[in-house]
Amino acid sequence: MFTFDEYYDVVVVGGGHAGIEAALAAARMGCKTLMITINADMIGQTSCNPAIGGLAKGHLVKEIDALGGEMAKATDYAGIQFRVLNTKKGPAVQSSRAQIDRKLYRSYMKQVVEKQENLDVLQARVEGILVKNKRVWAVDTNIELRFRTKTVVLCTGTFLKGLIHIGLNNFPAGRLGDFPAYKLSECLKRLGLRLGRLKTGTTPRLDANTIDFSELEVQHGDDPPKPFSFFTEKITNKQLPCWITYTNEKTHEIIRSGFSRSPLFTGVIKGIGPRYCPSIEDKVARFPEKKRHQIFLEPEGYDTVEIYPNGIPTSLPIDIQIKFIRTIKGLERAKMIRPGYAIEYDFVIPTQLKHTLETKEIEGLFCAGQINGTSGYEEAAAQGLIAGINAALKVLGKEPFVLSRSEAYIGVLIDDLVTKGTNEPYRMFTSRAEYRLLLREDNAPLRLMEKGYNLGLISESQIKKLREYRELIREEIERLKKERARPTVIVNKALEEKGSSKIEESVPLAQLLKRPEISYEDLEKMGMGRKLPEYVKREVEIEVKYEGYIKRQMEQVERFKRLESKRIPEWIDYDKVPGLSTEVRLKLKEVRPVSIGQASRIPGVTPAAISALLIYMESLKKKRKAS
């Protein structure tokens, strides 16, 4: 093994969504960084569906953007259809989603990575992590090169002992067409990390030239399309439609005929699959009463005929895949370009990690993305950003960066993983966030951009724009509370047209805006608004309309902070805490919670156990004072 002469501060293993954000963050924070990836042409590859965002996932992308990450900008560059989901519901659960041109997205990310100062890229396979005195000091590759480093961020995706299944045929691969990483998985076990096994899957890809779109329901995006990034002024890309079709009884009959050759039902697949994105054969088996399942036909880009039929991931034999596809309306003559498949892979049990995503046992070793048991590009990118930031801060000798559950969806994601662990691919939902009215998509820049600026990931011009907007929001809310609407004919007529009751005496403008049927745009039409940026107007409207709810949730956050501020000493011996059951002791010893708040979120740790722990900590405090 030849030791490379350059010394790196951070080595990032993997060039997927987690690896990109980790490497860019570390390099931008001034650390000499190396990204090692099995295939340099596949940096930024969207291996499954050609889309970014979605319910709760859109929140993660906006937060990544606010902290100085790249995913939102890449999405705006490559987006071919933008939609805001849940628009009929409140702002807390509205989320952005964009179809992307897969090739454009990859091209954008590859260029950004290659042009980034302080960041080198190497095509190789990491096969070993070298540890001395429980601290990382180097990585070994399959090309006989050793790289010395202070920190390593593992962003291996589905490559650790990846095994692809198509029917009863299976073969090693990290994804279709790429080699897996076997030796690295064995190395992690030797280092003492506990690994589990998960499974995910993808759909067949179809030739658009062989699809009859004429009788299918067309789905257009929003007009005008709304950008993902706070820094994108306008989407100028041509927008493409998607189409909707459905499976039917004939489809299900053919799918059932393949159960005897399904790796899922014959026990060949051992890994646990995603509960919220099951294969079509799993859906047919679990919901026999359902007559049909929805399919979205999503184009993969401008200059390709490939269509992604979202809704039918499968690992059935290819002959069954072809047969059942051709029973679906519009797909009667469809030709398959790539088969659907399932993939099993190793992951690190995430309770072995700190909130920084550094492993508890090995200093300088961080894990991010699917290696931590998550599914989804957005979850991976969010973890990559946090791991990259913390690897850089460790090298720079600075305090770690941790987001709490009350600050960001990213905080919820990481706290869930390191506190509760997961035995299935973890997916983010708005329901997982207790304070979701405060953690809206729209206010991500207001919540997090100052933090990104302090880390050195947000520029002066970017933070200046945000600060100007924040001041405009503050000023406008104050004005709306002070200025009053008089009961003129014009005002009452406008209110009547909106189905709102007339006013008999003058009222503050904020009081009018609180009415569900009145928008800021309506105030403008009545001559009582101001010429403001769209972002500012939206924030003003939400803050005014939901003022009472927001205040109540902020009070809940204060109670949450009190629990989080009760820190548990690292050295505490749980075996000495009276009144704890064996099960609770084991869980506390496994997770090693940093606060009473985190301890209370560990599954199986009861309120009685928390009380016992608090009493014990208080007795230790008194003993220390006495001595």
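Not measured: the values here are computed from a predicted model. (Residues numbered from 1 in each chain as written. Predicted model: local features only at pLDDT ≥ 70, side-chain atom pairs only at ≥ 80, totals over all residues. Heavy atoms only, no water.)

A. Region of the structure containing helix H5 (residues 183-190). Where H5 is concerned, the buried positions are Leu184, Ser185, Cys187 and Leu188. For H5, the angular spread of the buried residues around the axis is 160 degrees, confining them to a single face. Across H5 from its buried face, at more than 90 degrees, point the exposed residues Lys183 and Arg190. Glycine 192 sits one or two residues past H5 and shows a positive phi near 100 degrees. (Buried < 20%, exposed > 50% of the residue type's maximum accessible area, 1.4 Å probe, protein only. Helix = DSSP H or I, 4+ residues; strand = E, 2+ residues; numbered from the N terminus. Arc of directions from axis to C-beta.)

B. Up close: the packing of helix H9 (residues 377-396) against helix H10 (residues 409-420). As a packed pair, H9 and H10 sit with axes 10 Å apart at the nearest point and diverge in direction by 90 degrees. When the axes of H9 and H10 are compared, the pair comes out roughly perpendicular. Judged by residue contacts, Glu379, Ala382, Gln383 and Ile386 of H9 engage Ile410, Leu413, Ile414 and Leu417 from H10. (Axes fitted to C-alpha atoms, helices over the stretch in contact; angles between N-to-C directions. Parallel < 35°, antiparallel > 145°, perpendicular 65-115°, else oblique. Contact = heavy atoms within 4.5 Å.)

C. Highlighting the state of the cysteines. For the structure on display, the rule yields zero disulfides. Not engaged in a disulfide, the cysteine cysteine 31 finds its nearest cysteine sulfur in cysteine 155; these two sulfurs lie 15 Å apart. On the basis of relative accessible area, cysteine 31 is assigned to the buried category, the value being 1%. Looking at cysteine 277, it has no disulfide partner, and the nearest cysteine sulfur is the one in cysteine 48, 6.5 Å off. (Disulfide = S-S within 2.5 Å.)

D. The arrangement of the nonpolar core in detail. Counting 96 residues, the largest nonpolar core has Ile129, Val153, Leu154, Ile389 and Ile410 as the members making the most contacts within it. Among the elements that line this core, the one with the most residues is H9, at 11 residues. Leave out the neighbours within four places in its chain, and valine 153 touches Val10, Val11, Val12, Val13, Ala22, Phe366, Ala368, Ala387 and Ala391. Met449, Tyr469, Ile477 and Val507 belong to the second largest nonpolar core, which has 30 residues in total. (Core = buried A, V, L, I, M, F, W, Y, C linked by side-chain atoms within 4.5 Å.)

E. Focus on the packing of aromatic side chains. Taken as a whole, this structure holds 11 aromatic pairs when the rule is applied. Where tyrosine 469 meets tyrosine 535, the ring centres are 5.9 Å apart and the plane angle is 25 degrees; that geometry is what we call stacked. Note that tyrosine 469 is positioned in helix H12 (residues 460-482) and tyrosine 535 in helix H16 (residues 534-545), a separation of 66 residues in sequence. For tyrosine 469, a relative accessible area of 17% puts it in the buried group. (Phe/Tyr/Trp six-rings, centres within 6.5 Å; stacked < 30°, edge-to-face > 60°.)

F. Just the side chain of histidine 17, in detail. Position of histidine 17 relative to the elements: it lies in helix H1 (residues 17-28). Residue histidine 17 is classed as buried on the basis of its relative accessible area, which comes to 9%. Separated by 3.3 Å, the side chain of histidine 17 and the backbone oxygen of glutamine 45 make a polar contact. With residues up to four places along the chain from it excluded, the contact list for histidine 17 reads Gly44, Gln45, Thr46, Met71, Tyr105, Tyr377, Ala380 and Ala381. (Polar contact = N/O pair within 3.5 Å; in protein donor to acceptor, adjacent residues only side chain to side chain.)

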